[in-house]
Amino acid sequence: MKTIWQKIALAGVSLAALTAAASAGTVRVTVAEYSSKTGPYFAEAEKAFEAANPGIDIQFEVVPWDNLLQKLTTDIAGGSNADLSIIGTRWLVDFVQQGVAAPLDEYITPEFKGRFIDTFLTPSIMDGKTYGLPIAASARAMYYNKSLFEKAGVSEPPKTWAELTDTAKKISALGDGVYGFGLQGKEIETDVYFYYAMWSYGGEIVEADGTSGLDSQAAIDAAKLYKALIDEGATEPGVTSYNREDVQNLFKQGKIGMMMTAPFLSGQIKAEAPDLQYGVAPIPAGPNGDQGTYGVTDSIILFENSQNKAEAWKFLDFLFSTEWRVKFTVNEGFLPVQKEEAADPHFVNDADLKVFASLLPNARFAPVIAGWEEIAEKTSNALQSIYLGQGEVEATLKAAAAEANTVLGK
Amino acid sequence: MRRRNPLPYLLILPSFLLAAAVIIWPVYDLVQIASNDVNRFGQLRGFNDFANFTALFADPNFLAAVGRTALWTVAVVAGAILVSVPVALILNSDFYGRDIARVIVMLPWAVSLTMTAIVWRWALNGESGMLNSGLRALGLIDTNIQWLASASTAFPMEIAIGILVTIPFTTTIFLGGLSSIPGDLYEAASLEGASGWQQFREITLPLLRPFLNIAIVLNTIYVFNSFPIIWVMTQGGPANSTDILVTHLYKLGFRIGQLGQASAVSLVMFALLLFFTIVYVRLAMREERAHQGA
């Protein structure tokens, strides 16, 4: 029988061997937690990949989305960042300008590039180089409550903002804690909720000359439209206390006639409110027929300081195979980013997703500008003042545009 | 003059070194970031003539946050102490079920601050919140109050919750103080015919004085730096109208990516707290010495 000391010595030796192996081909990956299914999905992918590639050890860090940018900032400042990470594609420009993200072009084969739908790959390409691969994509459309529409005597989802105003008022008139239009006025994407209307009126976030579009006539019209909806009781009261999830909750409870949000709400409704009669329609058009939706992608990037780039790429190649893509996209309720993935029966037979996919030609992505988050923050603040009635529409937007122009360097 | 014994200093040295490692080194790091041009990821790009501080003091949101932090700290600390003194007096007196009452008062302490704030955020929801449905059921309101929609209702509610979560700690300090007051003082006083109020003013309050000072200093430090309540409930919004310094700092650093300015804010906070603590402790000590002299 071995003595206790022999056992300890043995354990020590095997531990040493283990750490040596770990440092040879370890790929650390930071991923955002989109839902409770994210962690298990990546654990499964890790197992499958490691079984096929015995020399490589994959280590995942699953981080809540809200803390992701904070974690990456501190990791990068301390030089302890992972090899791969998911980031919001709108942050990519900062990562590229500061030399944090590595270009992937030397690894990308034409076959690999051909797997992607161009619309989704384009936002990750800067100065002709590909710095990220779109791992998650979504767009926005209008959800409407069919039962409330019926009660209010409206048969079709509104096609223009004028019709939307009309319908919203009719639904709010039903009373009993039911409101026509769910307006988001708090936290992340408060600005985006405003852009839906601004784009329909023909506005742009950044105009052709590189200045902010917040002081354009379209922006002013859109803000006046929302303010009028609030004042006439066509939205839920106290919009500045409702973030996206709060408005979605009201919709799931059947208290709201219409709202704009991402495809994942369909999945949530199926799980949490299966009896809700709802439909998905395009975002209404403005007076000149302009229309727009917000497209968002998250990218997975390779860090410039990674010691195991070849191994990391191998894992990316695995992750972007059709089988693993379909699993991920179905789990999270996103839009498929690859052509073969999109042909999967899961997506072809989904009526809601078809509406989202049909809007993609008009989708606008967050503009590629350094300091985008700061502009988003200032825009949201200006909108909150307007919604609360603390600031006059034109003056508030003009002041916000001036601040945004400072950030834009104009 | 007596020669000073070096032994106490030697004994203090290890903990001083530890404190230096955990306090002085990060502060040094902060000074460096605050006085340099810094990129989004904390990499230094050269000294910039204190531009971070100049930008800060030109920012109306920062100045507003300073004022609001003062209001927040004073209101929460004063409120917590005003409530905690009677609570401690009651819990110190002998009554049936006192132990259970003590546990109940201490309970909020056992729940993490973030959880408390999340629960309140739900409770204050305009359409489906507990508070509105409670008030409606009691017939006190007809239409829902949108508690978190504007600062005029959100900030007072945040202060109220701040007071609520500060009570257990403060009460504990006062209970410790009360148990150190000998009972025969009260006996003697009532033999002399002192009323309950007189006993409180002339015996309890003066003898609680050192504990009151501790409660004020420690609570001020905690509350001044308290992040979760305001962040969870309003994120300093709408339109920065409930921002205090820590939430302003967080937005600057991790949302907007101005790490230089964010470090400058935290240095200003450090200086403010240090100043308050030194001034207060000196005043309190002088007063104590004056009492002893009398």
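What counts, and at which threshold
Residues numbered from 1 in each chain as written. Chains lettered and ligands numbered in written order. Predicted model: local features only at pLDDT ≥ 70, side-chain atom pairs only at ≥ 80, totals over all residues. Heavy atoms only, no water. Helix = DSSP H or I, 4+ residues; strand = E, 2+ residues; numbered from the N terminus. Rg over C-alpha atoms; globule rule 2.2 N^0.38 Å. Buried < 20%, exposed > 50% of the residue type's maximum accessible area, 1.4 Å probe, protein only. Contact = heavy atoms within 4.5 Å. Areas by Shrake-Rupley, 256 points an atom, 1.4 Å probe, with all protein chains shown as cover. Core = buried A, V, L, I, M, F, W, Y, C linked by side-chain atoms within 4.5 Å. Domains from an automatic or database assignment. Pairing = 2+ DSSP bridges. Buried area = accessible area lost by both parts, 1.4 Å probe. Salt bridge = Lys/Arg side-chain N within 4 Å of Asp/Glu carboxyl O. Polar contact = N/O pair within 3.5 Å; in protein donor to acceptor, adjacent residues only side chain to side chain. Axes fitted to C-alpha atoms, helices over the stretch in contact; angles between N-to-C directions. Phe/Tyr/Trp six-rings, centres within 6.5 Å; stacked < 30°, edge-to-face > 60°. Lys NZ or Arg CZ within 6 Å of the ring centre and 35° of its normal. UniProt positions renumbered as here; feature names shortened; annotations may be inferred. pLDDT = per-residue confidence, 0-100.

Considerations on the overall build of chain A
- Scanning chain A for helices and strands turns up 19 helices and 12 strands.
- A compact globule built from 410 residues would reach a C-alpha radius of gyration of about 22 Å, and chain A, at 24 Å, matches this within 12%.
- Principal-axis analysis of the C-alpha atoms places the extent of chain A at approximately 85 × 50 × 45 Å.
- Taken across its 410 residues, chain A has 57% of its residues classed as buried.
- Taking the intrachain contacts of chain A between residues at least 6 apart in sequence as the baseline, contacts between residues at least 24 apart amount to 75%.
- Accessible surface, chain A as shown: approximately 16800 Å² in total, 54% of it carbon and sulfur.

Quick notes on the nonpolar core
- Among the nonpolar cores identified, the biggest contains 135 residues, and Phe95(A), Leu133(A), Phe181(A), Phe194(A) and Tyr226(A) are the most heavily contacted of them.
- Split by domain, the residues of this core number at least three in each of domain 1 (4-139 + 296-365) and domain 2 (141-282 + 371-408) of chain A.
- Apart from residues lying up to four places away in sequence, Tyr226(A) is in contact with Trp161(A), Phe181(A), Leu183(A), Tyr193(A), Phe194(A), Tyr196(A), Ala197(A) and Tyr387(A).
- Counting residues in hydrophobic clusters, the runner-up holds 59 residues, among them Leu91(B), Met157(B), Ile229(B) and Ala284(B).

Remarks on the pairing of strand 11 (residues 293-302) of chain A
Residue and element names in this part refer to chain A.
- The buried fraction of strand 11 amounts to 10 of the 10 residues, a majority that puts the element mostly inside the structure.
- Pairing analysis gives five bridges linking strand 3 (residues 84-88) to strand 11, with the strands arranged antiparallel. Counterpart to Ile86 in the pairing with strand 11 is Ile300.
- With seven bridges joining them, strand 6 (residues 132-139) and strand 11 adopt antiparallel strand pairing. From the neighbouring strand, Gly132 faces strand 11, where its bridge partner is Ile301.
- Where strand 11 meets strand 12 (residues 363-365), three bridges bridge the pair, whose relative direction is parallel. In the strand pairing of strand 12, Gly295 is matched with Phe365.

A closer look at the interface of chain A and chain B
- At the interface, 30 residues of chain A touch 28 residues of chain B.
- For the pairing of chain A and chain B, the buried interface totals around 2500 Å² over both sides, and the portion due to carbon and sulfur atoms is 52%.
- On the chain A side of the contact with chain B, Thr73(A), Gln98(A) and Glu377(A) bury the most area, a combined 20% of that side's loss.
- On inspection of chain A and its partner chain B, the count reaches three salt bridges.
- Linking Glu377(A) and Arg255(B) is a salt bridge whose minimum nitrogen-to-oxygen distance equals 3.2 Å.
- Joining chain A to chain B, the criterion identifies 12 residue pairs in polar contact (both at pLDDT 80 or more).
- Of all elements in the fold, only helix 3 (65-77), helix 4 (92-97), helix 11 (244-252) and helix 18 (372-388) of chain A reach the threshold of two or more residues within the side of chain A that touches chain B.
- Looking at which element gives the most residues to the side of chain A that touches chain B, the answer is helix 18 of chain A, with seven residues.

Some words on helix 14 (residues 322-332) of chain A
Residues and elements named next belong to chain A.
- Among the residues of helix 14, Trp324, Arg325, Val326, Phe328, Thr329 and Glu332 are the ones counted as buried.
- At its buried positions, helix 14 is contacted by helix 2 (38-52), strand 6, helix 12 (264-272), helix 13 (309-319), helix 15 (339-342) and helix 16 (345-348).
- Immediately beyond the C-terminal end of helix 14, within one or two residues, lies Gly333, with a positive phi of roughly 70°.

Considerations on the environment of Ala262(A)
Residue and element names in this part refer to chain A.
- Among the structural elements, Ala262 can be located in the loop between strand 9 (256-261) and helix 12.
- Of the residues examined, Ala262 reaches a relative accessible area of 0% and is grouped as buried.
- Sequence-wise, Ala262 and Arg140 are 122 residues apart; in three dimensions their C-alpha atoms are separated by 4.6 Å.
- Excluding residues within four positions of it along the chain, Ala262 makes contact with Ser138, Ala139, Arg140, Tyr143 and Phe356.

Observations concerning the sheet that holds strand 9 of chain A
Residue and element names in this part refer to chain A.
- One open sheet accounts for four strands, arranged 8-9-7-10; its pairing is mixed. In this open sheet, the two edge strands, each paired with only one partner strand, are strand 8 (179-181) and strand 10 (278-281). Each strand axis lies, on average, 25° off the axis of its neighbour in the sheet, ignoring direction.
- The sheet strands contacting helix 11 are strand 7 (141-145), strand 9 and strand 10, and the helix crosses strand 9 at an angle near 140°.
- Those strands touched by helix 17 (residues 351-359) are strand 7, strand 9 and strand 10, and its axis lies near 15° from that of strand 10.

Quick word on the packing of aromatic side chains
Residue and element names in this part refer to chain A.
- Taken as a whole, this structure holds 47 aromatic pairs over all chains when the rule is applied.
- With a centroid separation of 6.0 Å and an interplanar angle of 80°, the aromatic rings of Tyr34 and Phe328 are classed as edge-to-face. Residue Tyr34 is found in the loop between strand 1 (26-33) and helix 2, and its partner Phe328 is found in helix 14; the two are separated by 294 residues along the sequence.
- In this structure Tyr34 comes out as partly exposed when scored by relative accessible area, which is 21%.
- Taking the relative accessible area as the measure of exposure, Phe328 reaches 1% and is therefore buried.
- Ring geometry for Tyr143 versus Phe356: centroids 6.1 Å apart, planes at 50°, classification tilted. Pair noted here: Tyr143 is in strand 7 and Phe356 is in helix 17, with a separation of 213 residues, a long-range link.
- Look at Phe356 and you get buried, because its relative accessible area is 0%.
- Each residue in the set Tyr34, Tyr41, Phe42, Phe49, Phe60, Trp65, Trp91, Phe315, Phe318, Trp324, Phe328 and Phe334 is aromatic and connected to the rest through ring pairs, giving one cluster.
- The ring of Trp324 has Lys327 sitting right over it, with the charged end atom 4.4 Å from the ring centre.

Here we look at the UniProt feature "transmembrane region" (unreviewed entry) in chain B
- Within this structure's numbering, the places UniProt gives as "transmembrane region" (unreviewed entry) are residues 7-28, 70-91, 103-123, 159-178, 211-233 and 259-281 of chain B.
- Here residues 103-123 of chain B is 90% helix and 0% strand, with 23 Å between the C-alpha atoms at its ends.

What to know about the domain arrangement of chain A
Residues and elements named next belong to chain A.
- Each assigned domain of chain A is listed with its residue range as follows: domain 1 (4-139 + 296-365) and domain 2 (141-282 + 371-408).
- Here domain 1 and domain 2 have C-alpha centroids that lie 32 Å from each other.
- The interface of domain 1 with domain 2 comprises 17 residues on the first partner and 19 residues on the second.
- Between domain 1 and domain 2, the buried area comes to about 1400 Å², and carbon and sulfur atoms account for 61% of it.

Some words on the environment of Trp65(A)
Residue and element names in this part refer to chain A.
- Looking at where Trp65 falls in the secondary structure, it is placed in helix 3.
- Residues Trp65 and Val96 lie 31 residues apart in sequence; the distance between their C-alpha atoms is 21 Å.
- With residues near it in sequence (within four places) discarded, Trp65 still touches Ala32, Glu33, Tyr34, Ile87, Gly88, Arg90, Trp91, Ile188 and Asp298.

With respect to the confidence of the model for chain A
- Looking at chain A as a whole, its pLDDT mean stands at 90, while 94% of the residues score no less than 70.
- Confidence scores differ between elements of chain A, with helix 1 (residues 4-24) of chain A showing the lowest mean pLDDT of 50 and helix 10 (residues 217-231) of chain A the highest of 97.

So, the pattern of salt bridges
All names here are of chain A.
- Overall, the coordinates contain 26 salt bridges over all chains when judged by the stated rule.
- The partner of Arg115 in a salt bridge is Glu111, with the nearest N and O atoms 3.1 Å apart.
- Here Glu374 ties to Lys378 by a salt bridge, and the two come within 3.7 Å at their closest N and O atoms. In this pair, Glu374 and Lys378 are both assigned in helix 18, four residues apart and thus about one turn of the helix distant.
- Using a relative accessible area of 21% as the deciding quantity, one classes Lys378 as partly exposed.
- Through salt bridges with shared partners, one network takes in Arg28, Glu61, Lys71 and Asp75.

A word on the side chain of Asp75(A)
- Topologically, Asp75(A) is positioned in helix 3.
- When near neighbours in sequence (up to four residues on either side) are disregarded, Asp75(A) contacts Ser80(A) and Asn81(A).

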